[in-house]
Amino acid sequence: MKQLYGVIGCPIHHSLSPLMHNDAFQQLGIDAHYHAFHVEKEKLPAAIQGIKALGIAGVNVTIPHKTAVIPFLDEIDEMARRIGAVNTIVNENGRLIGYNTDGPGFVRALVEETKTDIQGKRILLIGAGGAARGIYFALANAEAEQIDICNRTKSNAEQLIEASDVSVASHAYSLEEAEARLSQYEIIINTTSVGLYPDVEAMPLSLMNMNENTVVSDIIYNPLETKWLKEARQKGAMVQNGVGMFVYQGALAFEKWTGIFPDVERMKQVVIQQLGGATC
Ligand code: ATR
């Protein structure tokens, strides 16, 4: 019988996940379909019951439900519990198990796309929201030496660090403080929405003091290359856009559901093509 998968969120109509997962199912000859479900905040408990009642095999969870969904699940994976957010649910014979593949997806994409070893690295995260939190935990798990967080509201960065039970060395900085000490970092990651379409002229941080051989990553993929990432590339950095994180979080979810790690290069092509970018 055809298995049903999906994503729950609000808004959801622009999601690229159905395209990406359905292509992977088709390519692997798996009899399954992935659908985008628009679920309003107040309908979340009913939607979760619906997953059980209808026997939906697995779902992704996106904005605004990633934290709110946790109390409705039967089991939470250790990494997802520490991050405090779930983006993937596996329905195991009626038991719903929550995972987080966002942070691990980011790290896997960073390692594979930039050929960078995280272990022992000094890293700067820009932003202290939900995306930063997942990436922070996953980078700490990958044994980074130092993960500092800078943010428009410095106290939010301080809170993220204080509330995290990780042993990595971390300092909170204002954006200006981080700009002044940028040459200290081997990897710089923008986790904010600054530079996202349509506000494409905005930049999260000045790169004036960046070293040439720094790895610079932006989790934004619309546009494919933000103004900030372009500037980093022109200054000699090795750059990575947000397509990798999106594709790898999806690939890791796909693996949890099917036991098969899909063809990520193909997934990237599907996503980039849909975004209107070059495919080679
Ligand atoms: P997400 O869950 O997607 O990470 P979020 O929780 O709203 O989204 O977090 C957004 C992050 O981007 C925050 O760190 C936010 O900074 P504040 O803590 O000061 O709000 C940052 N951010 C959003 N818009 C920004 C802007 N225009 N300039 C600088 N930082 C911004």
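So, how was this worked out
Residues numbered from 1 in each chain as written. Predicted model: local features only at pLDDT ≥ 70, side-chain atom pairs only at ≥ 80, totals over all residues. Heavy atoms only, no water. Near = heavy atom within 4 Å. Polar contact = N/O pair within 3.5 Å; in protein donor to acceptor, adjacent residues only side chain to side chain. Areas by Shrake-Rupley, 256 points an atom, 1.4 Å probe, with all protein chains shown as cover. Nonpolar A, V, L, I, M, F, W, Y, C, P; charged D, E, K, R; others polar. Core = buried A, V, L, I, M, F, W, Y, C linked by side-chain atoms within 4.5 Å. Buried < 20%, exposed > 50% of the residue type's maximum accessible area, 1.4 Å probe, protein only. Helix = DSSP H or I, 4+ residues; strand = E, 2+ residues; numbered from the N terminus. Domains from an automatic or database assignment. Contact = heavy atoms within 4.5 Å. Expected span 1.5 Å × (residues − 1). Pairing = 2+ DSSP bridges. Salt bridge = Lys/Arg side-chain N within 4 Å of Asp/Glu carboxyl O.

Description of the site of the ligand
Part 1 of the reasoning: Around the ligand, the neighbouring residues are Gly127, Ala128, Gly129, Gly130, Ala131, Asn151, Arg152, Thr153, Asn156, Thr192 and Val194.
Part 2 of the reasoning: The backbone of Ala128 places a nitrogen or oxygen atom 2.8 Å from an oxygen atom of the ligand.
Part 3 of the reasoning: Asn151 is positioned such that a nitrogen or oxygen atom in its side chain is 2.7 Å from an oxygen atom of the ligand.
Part 4 of the reasoning: Coverage of the ligand by the protein amounts to 60% of the 650 Å² it exposes when considered alone.
Part 5 of the reasoning: When the residues that make up the shell around the ligand are grouped by side-chain class, the tally is 3 nonpolar, 7 polar and 1 charged.

Some details on the nonpolar core
Part 1 of the reasoning: Core analysis: the biggest nonpolar cluster contains 31 residues, and Tyr136 and Leu139 have the highest contact counts within it.
Part 2 of the reasoning: Secondary structure elements with two or more residues in this core: helix 3 (78–83), helix 4 (102–114), strand 7 (122–126), helix 5 (130–141), strand 8 (146–150), helix 6 (154–162) and strand 10 (187–190).
Part 3 of the reasoning: At 7 residues, helix 5 tops the list of elements feeding residues into this core.
Part 4 of the reasoning: Structurally, this core is a two-domain feature, drawing no fewer than three residues from each of domain 1 (3–100 + 244–275) and domain 2 (103–241).
Part 5 of the reasoning: Ignoring anything within four residues of it in the chain, the contact list for Leu139 reads Val107, Leu110, Ile118, Ile123, Leu125, Ala144, Ile147 and Ile189.

Let's talk about helix 5
Part 1 of the reasoning: Compared with the 16 Å implied by 1.5 Å per residue over 12 residues, the 17 Å span of helix 5 between its first and last C-alpha is a close match.
Part 2 of the reasoning: Taken together, the buried positions of helix 5 are occupied by Ala132, Gly134, Ile135, Tyr136, Phe137, Ala138, Leu139 and Ala140.
Part 3 of the reasoning: With its phi angle positive at about 65°, Glu143 sits one or two positions after the end of helix 5.

A word on the sheet that holds strand 2 (residues 32–38)
Part 1 of the reasoning: Across the sheet, 6 strands lie side by side as 2-1-3-5-6-4; this open sheet has mixed pairing. With partners counted over all chains shown, the strands left at the sheet margins are strand 2 and strand 4 (75–76), one partner each.
Part 2 of the reasoning: Sheet topology places strand 5 (residues 88–92) next to strand 6 (residues 95–99); 5 bridges connect them, and they run antiparallel. Bridge pairing in strand 6 places Thr88 opposite Tyr99.

Description of the pattern of salt bridges
Part 1 of the reasoning: Following the criterion strictly, the structure yields 15 salt bridges and no others.
Part 2 of the reasoning: Note that Asp74 and Lys52 form a salt bridge whose closest N and O atoms lie 3.0 Å from each other. Of this pair, Asp74 sits in the loop between strand 3 (58–61) and strand 4 while Lys52 sits in helix 2 (residues 44–54); the two residues are 22 residues apart in sequence, bridging distant segments of the chain.
Part 3 of the reasoning: Owing to a relative accessible area of 30%, Lys52 belongs among the partly exposed residues under this scheme.
Part 4 of the reasoning: Glu265 is the salt-bridge partner of Lys268, the closest N and O atoms lying 3.2 Å from each other. Residue Lys268 and its partner Glu265 are both found in helix 10 (residues 264–274); the two are separated by 3 residues, about one turn of the helix.
Part 5 of the reasoning: Using a relative accessible area of 44% as the deciding quantity, one classes Glu265 as partly exposed.

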